[in-house]
Every structure is written in C-alpha cells, then in structure tokens.
Amino acid sequence: MAEEVQGQTAEDNDSAESSEATIAVHWREEGVFLPPPKFIGQANASDPAILDRFAEENFPECFREYADLLDWDEYWHTTLDTSNPPFWRWFTGGKLNASYNCVDRHLAKHKNKAAIIFVPEPEDEPHVAITYQELYRQVNEFAAVLQAAGVTAGDRITLHMPMVPELPVTMLACARLGAIHSQVFGGFSGAACGHRIADSGSKILITMDSYYRSGAVQDHKVKADEAIAAARKEDQEVEKVLVWRRFPGQYSSETPMVEGRDFFVDELLADHRGAVVAPVSMPSEAPLFLMYTSGTTGRPKGCQHSTGGYMSYVAGTSKFYQDIHPDDTYWCMADIGWITGHSYIVYGPLSLGTTTVIYEGTPNYPDAGRPWRIAERLGVNIFHTSPTAIRMLRKVGPDEPAKYDFKFKHMTTVGEPIEPEVYRWFYNSVGKGQAVIVDTYWQTETGGFIGTGLPGLNPMKPGSCGPAALGIYFDIKDEDGESIPKGSGKAGNICVRNPWPGIFETIWGQPDRFVSTYFAKYNKDPDSKDWHDWPYFAGDGAVQAEDGYYRILGRVDDVINVAGHRLGTKELESSALGVEEVAEAAAVPVIDDVRGRAVEMYIALKPGVEASPEIEAKVKKAIETDIGKIARPQNIWIVPDMPKTRSGKIMRRVIAATSNFADVGDITTLANPEIVEQIRHQVQNAKHAKGEVPRELTEAEEAEITSFGSE
C-alpha cells in the first residue's frame, strides 16, 4: 500500500490584500501518493519521453500521436488550421468515420469480445454482454432504419434516452451516416428537451418508453410529447418520433403513440435484419455531435464537437490517462447524457477496443453496496466516477467497499474538484490503497481532460487535478491579463494558451457568443491569425503550486465576495467536509448591505448522526481555521438532504434563493423536489425568528442569486 508523502503547509495570511482579480486561497498543501510499481510496469505512459514529445516546441504536430490511434480514410494535409481564429480546425483534409473507428475495425481481432456490458438496475435481471460483432449488427440495422427515415449526413437528430445499450447504438448509427446527434440527459424535462430540439433544428426525436430508476419504472415517453409541444412553440416541428422499448414487444408507457408520427424501433428493425450500411467518410472538421451545457437560464449552448479532432483527443486521453488496454473491463459510472459519457463511456473506450460497462440505475439502489457488487461480479479494474457520487457513497455506506472482492488498478474522478478528505476515503476504502487516482479537470467545451496527471509518471495529490494534460499549456491570469506565477499563493482565471484537438468548434448557431464567452476576455487583437493571441478563458478560478500542480477553485461566478475577499465555494465546502460528521456541504451567498455578501453553509450529515449546535460549531471553527474569520458563515443550516439534479449535482441556486427569500425557479427536474419546501420552511422560519429577513432584492441581485452555481 502506498503511503502519503507529506508536503509543506502554506501559511494563512488574512491581512493580504484581495481584489476582484484574485480568489482567496487558504487550502494547505497536501502530501502526495506515489503510483504503485505494479501499475507503472503496465502503464501506457510510463516513459518520461512522452512529456518531451508534447512539449510546446513540438506543437501542434505532437497531436499526430493521438490522431494516429485512429483509422483514417484519407490522411490530413494540415494538422492545425488557424486561418479563421478562434474557429480552429484540426487534421484538415483528413476523412474518417467515428462509427467505423469504434466498431468495424475491431472485428478482425476482437469480434467475440464484449464491447458493452449492460447492467440493469433490478438485480434479478441478468446483465447483458454485447460483443463487438453483435454491436456491429445492431448499429448497422439501426443505421438502415434511420436511412429509410430519410436521414443523411449533416442532419441533426435529438436523442432523449436513459442509460441503456440502445443509446450508444443510436449514437453510433447516427455517426455511421454522418448525422449529428444531440443526446439530451434523460433526467431533463420534456420542455428542456424541446428547447434543444428547437435550437438544433432537429426533425427526428429518438426516445425510449421507460426505464428503471430507484426501483421504479419511469414513464419516459410522456416527455416526448412535452418536448414536441415545447419545440413547436419555437417554430420547430418534429416529424418522427422513434421509440425504443425497454422490453421489446411490450409497451411500458401510459402515453399513447401518435399515429403517423411515433414508431416502435423494434418493429422498424424487422424490415432491416442483416442490413449493412457503409460508413460515410466524413471530413475531419465535420460535426459529430452537439452537447448542450446544463445552464438553468438563457438560451442553451450547443457545443459543437468535430469528428477527427474530438475522436483523436478522446482516444489519446483514454489511452494515456485512463490507461485503457483492450483487455480491461472499464466502468465509467456517469451518464451518457453528459460529455463525460460521450467521451469516456462511448467514443474513447470503444475506439480503443475495450469493454465498457453501462449501468441503468442509481448507485445506491437497493443499497450502497451495489457499485461494489457490480465491480466484483464483472471484474471491473478501471473505475471512473464523480466527486458527487463518491461523497454520496461515503455518506451512505463508508464501510461497504471492504465487503467485496474487487480490485481496481485505476480510478478517475471527474466533474468538479474533489476535497482532500473525500479523496483519501476514495483512495483507501475504494482503491484499497492499491489503485492510482486520476483527478481530472475539463469541461463540456474541452471535449476531454485538460488538467490531470499521467498515472504512471505523476504522483497523486489530494485536492489538485495535477499538471496540465499533454499538449495543454495553461496560464493563470488576473483581470488585467497578467500571468500569475506558480507558487505565489495567488489565484486567478485559468486559461489555455493554445488550441487542442478536443476543443469544441463553436456554439451551434451562435458564433458571436462563442467568441465573446470564451476568447474575447484576453484577446488583444481580434484580427490576429496567430493562435498565441487567442487564449481560451475557461471561466474557472485556479491556483498553481510551486510543484506545478493546479488546484481548481470552482467557477469564477461561484465565488462569494465577502468584504472584498473573493472566496471560492470549493474551499469553503472542503473545510466543512473535513468535519467527521459532515457528508455533504454547499456554500451560497447572502446579500449583506455592510459586507456586500455573506456566506451561508448548508450541510447534510452522515447516517445516524443527529444535528446539534456542537456540529455547527465544529464547521464554523473548521472554516475559520482553514480560511480565516472573514469566511465565517453567517448561518449554518443542517438539512436532511440537498436539492439535487438527477445526476446528483447539488442545485446551489435553489438553496441560494432560499437563503435570500428569492424565487427558487423551476425545480421540476430535481431528483428530490419535495426537499425544497422542507428546507425553505426550516431556513426562512428560523431567519424570521432571528430577525434576519433581508430587504427586497434589486433586479441585479435577484439575477445573481437565482443563477448562482449555474453554468
């Protein structure tokens, strides 16, 4: 078992000046864990020479190494086309097909190997292994169905599907024809799906009748009618709805099928048994899919990802950072409705010919041991999940991993920074002290990891994602565009100085928004054709330690400005999570006429722990000790649960609105909407009793509070 090597402790300095350009950083430096020799010996990247190959002097040609992991119909003539910045084009002149690269090319060696293992939520329903040969058959037959429906290259097809194997089959069938798929997270409402249909101009919606969630069968088809109505209000008509059935031949929805518009996929497939559809050779820069960001206000942003650049980047990062080999059994416990699932459940793993696991249900159903039983039964050796899921599993079943005989060589965290306390539980209890952890930083827009360590070369450091990924050149800038040196203890806005193959090409239909949101802030010459003049503004705060590792502090707009001190929400929450009794924590701002904003903390406790003033005092002391008195919460609310999305993300805008007596907005997409009223009653009654009812908010303050924590 690897031991933690202790690092130095950074001194706290509450008297240091803090400006709008600098986020206060008070987390202490953590020790590191070294990768086990056994892992290094088999790692895809264990030779330090790879760092030299991706050094800046070799950019952009270094990324040929990623592109060469794919099969190309025609080789490219230009690795990076910078003629229309910042609309970068990678591997121009090249042609390929994503479906071919994920399926066809593996048949010669791996046709009888499982490509996908589907685990239904009901434990009495057996898992289903789909070989590469079977996947080839299913993708071709469904591509033939789409072809018969008139689908051609460039068409946009909206998918609103749960976590079932029919989802990657549908994605790969679209890709086979060169159609652009837009998968909407299954937990989103029909209205949210409709907005995305309208934005993308989709005329076909592919959905499912039902699926299992937390032990119950969910009627999913009902959302299709809601989506079509919402799209119609925006003048977009859906001509066909293709409905997969959770159980072929058995309709499990109470929502009627609409004659002439709605069709059961299993019935359509009967006319295309054994069909073979030639993969359409697509230009490298042709869009592969749209992935809409999960913002709660304003027009959704359809991130347009390319075929050649994106596929190259997810193949390369899956190989070197996920350390995927063809004989691994890999499980990313995320949802394909998010970019994580596109990149690291479907396209990355399948491009490398490995076995990828898809689980239908919730991680803690019927109990907190479910993930570990799945891992034990399937022999999973690479495990990928989010800090949200890790915190939840630690909360409801901290001792469960020890009960099962699974052995991970590698574990990935994704989606948000992971607190050091939670990281150590993940390492010791889930990894059993024998697995490397790859803590990753990236976004929907980046396509794949941009900040993380190579597991065979870089030590693991709790709380830090690690160095920049291969071929990524970070720069932390202040508001004036000046670079903040590493080891200074000061934080700023993290940027990427260079393009990379995974970066999205544009926002669908909104090129001006693409430029203004991600590039205008630090671009000094809009006419420049030099990529050096177009740094990508990620919208996140970060700090770089002396050792070169980056700590991500959260969204720039997830910063609470208390009396001129910009406090990152993640550091506040990390301090609270360091208290033994605390399972989850969320920091939100409260309007304060004297200090501008004050901090309020919401915390949920571990099972069996009773709320008490002593726990509140512990949390307050931890924050004062770790950060300083300036960060002392105005109130600490111990609540029975946090309002969460279906994917487990805490909806900070809801509790921020509650603390400020503002409108909580639409909560219909929450996994537990009933908790909102409980929290509102508890918090607002207590505030009334304490005489803390705030004044009426201005329009600007209302907008700030009700969008807090949103992308």
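The numbering scheme is per chain: residues are counted from 1 as the chain's sequence reads. Local features in this predicted model are restricted to residues whose pLDDT is 70 or higher, and side-chain atom pairs enter the listing and the counts only when it is 80 or higher, whereas totals over whole chains, interfaces and linings include all residues. Side-chain metrics in this entry use all non-hydrogen atoms of the structure; hydrogen atoms and water are not considered.

Q: Would you take a moment to explain the overall build of the protein for this structure?
A: Every helix listed is a DSSP run of H or I at least four residues long, and every strand listed is a run of E at least two residues long, numbered separately from the N terminus. Helix and strand counts for the protein stand at 21 helices and 33 strands. Expected size for 711 residues packed as a compact globule is a radius of gyration near 27 Å; at 25 Å, the protein falls within 12% of this value. Taken over the C-alpha atoms alone, the protein extends approximately 70 × 60 × 55 Å along its principal axes. Burial status follows relative accessibility: with a 1.4 Å probe on protein chains alone, a residue under 20% of its type maximum counts as buried, one over 50% as exposed, and anything between as partly exposed. Across the 711 residues in the protein, those meeting the buried criterion constitute 63%. Two residues form a contact once any of their heavy atoms are found within 4.5 Å. Contacts in the protein between residues at least 24 apart in sequence constitute 73% of all its contacts with a sequence separation of at least 6. Accessible surface is estimated by sampling points in the Shrake-Rupley manner with a 1.4 Å probe; for residues, cover comes only from the protein chains shown. Summing over all exposed atoms, the protein offers an accessible surface of approximately 25,800 Å²; the carbon and sulfur share of this is 49%. Neither His nor the chain ends contribute to the count of charged residues, in which Lys and Arg are positive and Asp and Glu negative. A single reference atom marks each charge: NZ on Lys, CZ on Arg, CG on Asp, CD on Glu. Between the centroid of the 69 positive side chains of the protein and the centroid of its 101 negative side chains there is a distance of 2 Å. Both definitions apply: the radius of gyration is a C-alpha atom measure, and the globule rule equals 2.2 Å times residues to the power 0.38.

Q: Please clarify how the pattern of salt bridges should be interpreted in this entry.
A: Pairing between side chains of opposite charge can happen when their charged atoms approach one another. Counted as salt bridges are all cases of a side-chain nitrogen of Lys or Arg within 4 Å of a carboxyl oxygen of Asp or Glu. Within this structure, the stated rule accounts for 42 salt bridges. Ionic pairing is found between lysine 644 and aspartate 641, a salt bridge with its closest N-O pair at 3.3 Å. One salt bridge connects arginine 680 with glutamate 677, and the closest N-O pair in it is separated by 2.8 Å. In this pair, arginine 680 and glutamate 677 are both assigned in helix 20 (residues 674-690), 3 residues apart and thus about one turn of the helix distant. Of the residues examined, arginine 680 reaches a relative accessible area of 31% and is grouped as partly exposed. Of the residues examined, glutamate 677 reaches a relative accessible area of 43% and is grouped as partly exposed. Here the residues in one salt-bridge network are Arg391, Glu419, Lys570, Glu573 and Arg652, joined through shared partners.

Q: What's the story with the nonpolar core in this structure? I'm lost.
A: Here, nonpolar core means buried Ala, Val, Leu, Ile, Met, Phe, Trp, Tyr and Cys residues that are tied together by side-chain atoms lying within 4.5 Å of each other. In this structure, Phe63, Leu135, Phe142, Ile206 and Tyr347 are the most contacted members of the largest nonpolar core, which totals 112 residues. Membership of the second largest hydrophobic core comes to 80 residues, among which are Ile117, Ile615, Ile679 and Leu697.

Q: Sorry if this is basic, but what is going on with helix 15 (residues 420-430) here?
A: Think of an α-helix as turning once every 3.6 residues; residues three or four places apart then point the same way. Extensive coverage of helix 15 is indicated by the burial of 8 of its 11 residues. At the C-terminal side of helix 15, lysine 432 shows a positive phi close to 55°.

Q: When you look at the side chain of serine 318 in this model, what are you seeing that I'm missing?
A: Looking at the element boundaries, serine 318 is found in helix 11 (residues 308-320). By relative accessible area, serine 318 is classed as buried at 0%. With residues up to four places along the chain from it excluded, the contact list for serine 318 reads Asp323, Ile324, Ser343, Tyr344, Gly348, Pro349 and Leu352.

Q: What's the story with the sheet that holds strand 22 (residues 410-413) in this structure? I'm lost.
A: Paired through backbone hydrogen bonds, the strands of a sheet run either parallel or antiparallel to each other. Spatially, 8-7-20-19-21-22-23 is the arrangement adopted by the 7 strands of the open sheet, whose pairing is mixed. Each edge of the sheet is formed by a strand with only one pairing partner; in this case those strands are strand 8 (128-131) and strand 23 (436-439). When the angles between neighbouring strand axes are averaged without regard to direction, this sheet yields 20°. In this analysis, strands are considered paired if DSSP registers two or more bridges between them. Here strand 7 (residues 114-119) pairs with strand 20 (residues 355-359) via 4 bridges, running parallel. Looking at the pairing, valine 119 lines up with tyrosine 359 of strand 20. A fitted line through C-alpha atoms serves as each axis, taken over the contacting stretch for helices, and the angle formed by two N-to-C directions is quoted from 0 to 180°.

Q: Quick question: what am I supposed to make of the sheet that holds strand 28 (residues 550-555) here?
A: Judged by pairing direction, the sheet is antiparallel, and its 4 strands sit side by side in the order 24-25-27-28 without closing on themselves. One side of each edge strand has no neighbouring strand; the edge strands of this open sheet are strand 24 (474-477) and strand 28. For this sheet, the mean angle separating the axes of adjacent strands, direction not counted, is 45°. Across 4 bridges, the pairing between strand 24 and strand 25 (residues 492-496) is antiparallel. Bridging across to strand 25, isoleucine 476 finds its partner in isoleucine 494.

Q: Looking at this structure, I do not really get the pairing of strand 31 (residues 582-592). What am I missing?
A: Moving residue by residue along a regular strand, the side chains alternate between the two faces of the sheet. Of all 11 residues that make up strand 31, 11 are buried, and the element is covered over most of its length. Note that strand 31 and strand 32 (residues 596-605) share 10 bridges and pair antiparallel. Across the sheet, the residue bridging to valine 582 is leucine 605, located in strand 32. The turn linking strand 31 back onto strand 32 is made up of 3 residues.

Q: Would you explain the packing of aromatic side chains in this entry?
A: Remark: the centre distance and the inter-plane angle together describe each pair of aromatic rings, the angle taken between the planes. We call Phe, Tyr and Trp rings a pair once their centres come within 6.5 Å, taking the six-membered ring for Trp, and we label the pair stacked below 30 degrees between planes, edge-to-face above 60, and tilted otherwise. The full count for this structure, using the stated rule, is 48 aromatic pairs. When the centroid spacing of 5.8 Å and the interplanar angle of 70° are considered together, the rings of tryptophan 72 and phenylalanine 91 count as edge-to-face. One end of the pair, tryptophan 72, is in the loop between helix 3 (64-67) and strand 4 (78-81); the other, phenylalanine 91, is in strand 5 (residues 89-92), with 19 residues separating them in the sequence. We note that tryptophan 72, like phenylalanine 91, is buried. Their ring planes at 85° and their centres at 5.5 Å tell us that phenylalanine 188 and tryptophan 338 sit as a pair that is edge-to-face. Of this pair, phenylalanine 188 sits in the loop between strand 10 (180-183) and helix 8 (190-200) while tryptophan 338 sits in the loop between strand 19 (329-332) and helix 12 (339-351), placing them 150 residues apart in sequence. Each member of the pair, phenylalanine 188 together with tryptophan 338, is buried. Positioned over the ring face of phenylalanine 264 is arginine 245, at 3.6 Å from the centre of the ring. By definition here, charges over rings are those cases where NZ of Lys or CZ of Arg is within 6 Å of the ring centre and within 35 degrees of the ring normal.

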